[in-house]
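Survey of secondary and tertiary structure
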Amino acid sequence: MLNIFARASVSRVTDPIGAWLVRLRLTPNAITVFGTAGAVAGALWLFPTGHLLAGTFVVWGFAMFDLLDGAMARALGGGTRYGAVLDATCDRIADGALFCGITWYLFDTADRGTVVAALICLVLAQVISYVKARAEASGLDADGGLVERAERLIITLVGSGLTGLGVTSALTVALWLLAVGSVITVFQRLLAVRRSALRELS
């Protein structure tokens, strides 16, 4: 949803930064790997050790590099197919690390229901992305959905940040909200694929 409504506004901010980074002779792929490495390290170090507020800011900061690699690719006249695969792969690694770190923390601090919600989010984050990738590989359309990557990051990190500030139920509410939204998104994408396949047959 945010990809639809916020992309143009975000690009106006990130495109000049991306062009500047290109002039420094940095590459989009280097920025992708750097951002992913930082997000993974922050998620797997800070969240399991209970540093939720610090983890929130570190993961959010490194996740923002995902906006810059796209801006850099546009400044270079367009990305490469390898860059697109690398970017998607790194996104999945970062998402997995985020939910693994949070689940690790929750095993020692939360009720079993919240752990279940985190595991649902961990699995469905990968499924949502896989449906789109598999559909596109088959020449079908699976864009959109209630909860895409930006929404996953916002909901999860708002919950972890507020919990780090002392709002004890915030992470539980965020994870269950995300779990429900993720289930809906899987079905939305599968329906989009079905409609796309039916259009090809007609």
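Residues numbered from 1 in each chain as written. Predicted model: local features only at pLDDT ≥ 70, side-chain atom pairs only at ≥ 80, totals over all residues. Heavy atoms only, no water.

Side note on the packing of helix H2 (residues 28–46) against helix H5 (residues 81–109)
Applied cut-off: Throughout, an axis means a line fitted to C-alpha atoms (over the contacting stretch in the case of helices), and angles, computed between N-to-C directions, take values from 0 to 180 degrees. Each helix corresponds to a stretch of at least 4 residues labelled H or I by DSSP, and each strand to a stretch of at least 2 residues labelled E; elements are numbered beginning at the N terminus. With respect to orientation, any angle under 35 degrees is reported as roughly parallel, any angle over 145 as roughly antiparallel, any angle of 65 to 115 as roughly perpendicular, and every other angle as oblique. A contact between two residues is defined here by any heavy atoms of the two lying within 4.5 Å. We call Asp, Glu, Lys and Arg charged. Ala, Val, Leu, Ile, Met, Phe, Trp, Tyr, Cys and Pro are nonpolar, and the rest, Gly among them, are polar.
Two elements in contact, H2 and H5, have axes separated by 8 Å at closest approach and are oriented at 10°. Between H2 and H5, the interaxial angle falls into the category roughly parallel. Residues Asn 29, Thr 32, Val 33, Thr 36, Ala 39, Val 40, Ala 43 and Leu 44 of H2 form the contact with H5, whose participating residues are Tyr 82, Gly 83, Leu 86, Asp 87, Cys 90, Ile 93, Ala 94, Ala 97, Leu 98, Cys 100, Gly 101 and Trp 104. Across the contact of H2 with H5, the residue classes break down as 14 nonpolar, five polar and one charged.

Quick look at empty space enclosed by the protein
Our working rule: A pocket, in this scheme, is an open set of points on a 1 Å grid over the protein atoms alone with protein on both sides within 12 Å along at least 5 of 7 lines, while a cavity is a set where a 1.4 Å probe fits but cannot get out; residues line either one if an atom lies within 4 Å of a point. Grid points are joined across faces, edges and corners, and a volume is the space filled by probe spheres set on the points.
The tally for this structure, following the rule as stated, stands at two cavities of 30 Å³ or more. Put simply, the largest cavity is a space of about 90 Å³. Lining the largest cavity are 15 residues, and of these Gly 35, Thr 36, Phe 62, Asp 66 and Asp 91 lie nearest its centre. Looking at the lining of the largest cavity, the elements that each hand over two or more residues are H2, helix H3 (52–63), helix H4 (65–75) and H5.

Concerning unusual backbone geometry
The criterion, for reference: Throughout, exposure labels follow a simple rule: accessible area from a 1.4 Å probe, protein chains only, divided by the maximum for the residue type, with under 20% read as buried, over 50% as exposed, and the rest as partly exposed.
Phi at Arg 25 takes a positive value of approximately 70°, unusual for a residue other than glycine. Its place among the elements puts Arg 25 in the loop between helix H1 (2–23) and H2. For Arg 25, a relative accessible area of 77% corresponds to the exposed category.

A look at the pattern of salt bridges
Opposite charge on two side chains permits pairing when their charged atoms draw close. Using the following cut-off: Any Lys or Arg side-chain nitrogen found within 4 Å of a carboxyl oxygen on Asp or Glu counts as a salt bridge.
Summed over the entire model, instances satisfying the criterion amount to eight salt bridges. For the salt bridge of Lys 132 with Asp 143, the shortest nitrogen-to-oxygen distance reads 3.3 Å. Pair noted here: Lys 132 is in helix H6 (residues 112–137) and Asp 143 is in the loop between H6 and helix H7 (149–164), with a separation of 11 residues, a long-range link. Residue class for Lys 132 comes out partly exposed when judged on its relative accessible area of 26%. Its relative accessible area of 44% is what places Asp 143 among the partly exposed residues. With a closest N to O distance of 2.8 Å, Arg 189 and Glu 148 form a salt bridge. Of this pair, Arg 189 sits in helix H8 (residues 170–201) while Glu 148 is found in the loop between H6 and H7, placing the two residues 41 residues apart along the sequence. Since its relative accessible area comes to 4%, Arg 189 is described here as buried. Each of Asp 66, Asp 91, Arg 92, Asp 95, Arg 149 and Arg 152 takes part in one network of salt bridges that share partners.

Overview of the packing of H3 against H7
Note the cut-off: Crossings are sorted by hand: turned counterclockwise from the far helix by less than a right angle, the near helix makes the crossing left-handed, and turned clockwise it makes it right-handed.
Contact pair H3 / H7: the axes reach a minimum separation of 7 Å and the direction vectors enclose 150°. By the angle between their directions, the pair H3 and H7 is classed as roughly antiparallel. Classified by chirality, the crossing of H7 by H3 is left-handed. Across the interface between the two elements, Leu 52, Leu 53, Thr 56, Val 59, Trp 60 and Ala 63 of H3 pack against Leu 153, Ile 154, Leu 157, Ser 160, Gly 161, Thr 163 and Gly 164 of H7. A breakdown of the residues in the contact of H3 with H7 according to their chemical character gives eight nonpolar, five polar and no charged.

A few points about the packing of aromatic side chains
Rules: Ring pairs are drawn from Phe, Tyr and Trp, using the six-membered ring of Trp, whenever the two centres fall within 6.5 Å, and their geometry is named by plane angle: stacked under 30 degrees, edge-to-face over 60, tilted for the rest.
The final tally for this structure, using the stated rule, is three aromatic pairs. Ring centres 6.0 Å apart and planes at 25° place the aromatic pair Phe 62 and Phe 65 in the stacked group. What makes Phe 65 partly exposed here is its relative accessible area of 22%. One aromatic cluster is present, built from ring pairs that chain together Phe 34, Phe 62 and Phe 65.

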